[in-house]
Amino acid sequence: MSKKLVIASWGDPSAWKSVTYIDGEDSSQNPRKIASISSLRLLAEKFSDIQKFYVLVQDSIVFTTLKRINDECKECGQKINAYITAERGEAVWLNEPISTYEELVKKVKDYTSCILDRLGIRNHEVFILPSNLRTSINVQPSPHFTSF
């Protein structure tokens, strides 16, 4: 019996819109259709024998620019106390200071795991990749993330 693993690299999921993924290999009259912000949900439902989803994300995904945030990320941002509403949009942004890089990694893992859970991806592991942690935002957040 072979083991199935999925490795996915994610950018910033906060602005992803829900689309309908269609299983092109389904030859029946009613192909499988899944509405989601990520194709991982279709894979999870199609292949019940996937043992693990490995998701790689940059540590900067909790510092986004102003835009319209999707519901999955909005709820998960609020769970890690990271969310800003401004006149011209919304942003995922840490609302409390963090003093170590380990704290940032934990926040990003918690945020990403929450999104995966909301998508129905239970058997996942999140890997955090370092970025340059630069972002631009036209509101007044305190740049605590640069203090370590």
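Note that the structure is predicted; figures quoted are calculated from it, not measured. Think of each chain on its own: its residues are numbered from 1, step by step along the sequence as written. Reporting in this predicted model follows two pLDDT cut-offs: at least 70 for local features of residues, and 80 or more for side-chain atom pairs to be given and counted; totals over whole chains, interfaces and linings ignore these cut-offs and use all residues. Side-chain numbers here rest on the full set of heavy atoms in the structure, without hydrogens or water.

### Notes on the overall build of the protein chain
Rule in force here: Per the convention used, a helix needs a DSSP run of H or I reaching at least four residues, while a strand needs a run of E reaching at least two, with both numbered from the N terminus. Exposed residues in this analysis have more than 50% of their type's maximum accessible area, buried residues have under 20%, and partly exposed residues fall in between, with area computed by a 1.4 Å probe over protein chains only. Here a residue-residue contact requires only that any non-hydrogen atoms of the pair lie within 4.5 Å. The method behind every accessible area is Shrake-Rupley, applied with a 1.4 Å probe, and residues are considered shielded solely by the protein chains displayed.
Within the protein chain one finds 3 helices and 7 strands. For the protein chain, the N- to C-terminal ordering of α and β elements is β-β-β-α-β-α-β-β-α-β. Among the 148 residues that make up the protein chain, the fraction classed as buried is 41%. Contacts in the protein chain between residues at least 24 apart in sequence constitute 65% of all its contacts with a sequence separation of at least 6. Working note: accessible area of the protein chain is about 8600 Å², and carbon and sulfur atoms make up 48% of it.

### Here's the deal with helix α3 (residues 101–118)
Filter applied, for reference: What a helix should span is 1.5 Å times the count of its residues minus one.
An ideal rise of 1.5 Å per residue puts 26 Å on 18 residues; α3 measures up with 26 Å between its terminal C-alpha atoms. Within α3, the full set of buried residues consists of Leu104, Val105, Lys107, Val108, Tyr111, Thr112, Cys114, Ile115 and Leu116. With its phi angle positive at about 85 degrees, glycine 120 sits one or two positions after the end of α3.

### Description of the pattern of salt bridges
This is how the line gets drawn: When a carboxyl oxygen of Asp or Glu is within 4 Å of a side-chain nitrogen of Lys or Arg, the pair counts as a salt bridge.
Using the criterion set out here, one finds 11 salt bridges in the structure. A salt bridge links lysine 67 to aspartate 12; the nearest nitrogen and oxygen atoms lie 2.5 Å apart. One end of the pair, lysine 67, is in the loop between β4 (50–58) and α2 (71–79); the other, aspartate 12, is in the loop between β1 (4–9) and β2 (19–22), with 55 residues separating them in the sequence. For aspartate 12, a relative accessible area of 25% puts it in the partly exposed group. The salt bridge involving glutamate 75 is made with arginine 118; its shortest N-O contact spans 2.5 Å. With glutamate 75 in helix α2 and arginine 118 in helix α3, this pair connects stretches of sequence that are 43 residues apart. Through salt bridges with shared partners, one network takes in Asp23, Arg32 and Lys46.

### Let's talk about the packing of aromatic side chains
Applied cut-off: Aromatic rings from Phe, Tyr and Trp, taking only the six-membered ring of Trp, are treated as a pair when their centres fall within 6.5 Å; an angle between ring planes under 30 degrees marks them as stacked, one over 60 as edge-to-face, and anything in between as tilted.
Overall, the coordinates contain 3 aromatic pairs when judged by the stated rule. Taking the centre distance of 5.2 Å and the plane angle of 75 degrees together, the rings of tryptophan 10 and tryptophan 16 count as edge-to-face. Given a relative accessible area of 24%, tryptophan 16 falls into the partly exposed group. Judged by centre distance (5.9 Å) and plane angle (40 degrees), the ring pair of tyrosine 54 and phenylalanine 127 falls under tilted. Separated by 73 residues along the polypeptide, tyrosine 54 in strand β4 and phenylalanine 127 in strand β7 (residues 124–129) bring together distant segments of the chain. What makes tyrosine 54 partly exposed here is its relative accessible area of 23%.

### A few points about the nonpolar core
To keep things clear, this is the line we draw: Residues belong to one nonpolar core when they are buried, are Ala, Val, Leu, Ile, Met, Phe, Trp, Tyr or Cys, and are joined through side-chain atoms within 4.5 Å.
One finds Trp10, Leu40, Val57, Val62, Leu94, Tyr111 and Ile115 to be the most contacted residues of the largest nonpolar core, which totals 34 residues. Ignoring anything within four residues of it in the chain, the contact list for leucine 94 reads Val62, Phe63, Ile80, Asn81, Ala82, Leu104 and Lys107.

### Regarding the side chain of serine 14
Which entries qualify depends on this criterion: Polar contact is the term for a pair of N or O atoms within 3.5 Å; when the atoms are in protein, one must be able to donate a hydrogen and the other to accept it, and sequence-neighboring residues count only if both atoms are side-chain atoms.
Tracing the chain through its elements places serine 14 in the loop between β1 and β2. Within polar-contact distance, the side chain of serine 14 engages the side chain of aspartate 12 at 2.8 Å. A distance of 3.4 Å separates polar atoms of two side chains, one belonging to serine 14 and the other to lysine 67. Excluding its chain neighbours within four sequence positions, the residues that come into contact with serine 14 are Thr64, Lys67, Arg68, Ile69, Asn70, Cys73, Val92 and Tyr111.

### Side note on the environment of leucine 42
Among the structural elements, leucine 42 can be located in helix α1 (residues 40–46). Look at leucine 42 and you get buried, because its relative accessible area is 12%. As for leucine 42 and aspartate 23, which are separated by 19 residues in sequence, their C-alpha atoms are 7.7 Å apart. For leucine 42, the contacting residues outside a window of four places in its chain are Tyr21, Ile22, Asp23, Arg32 and Ile34.

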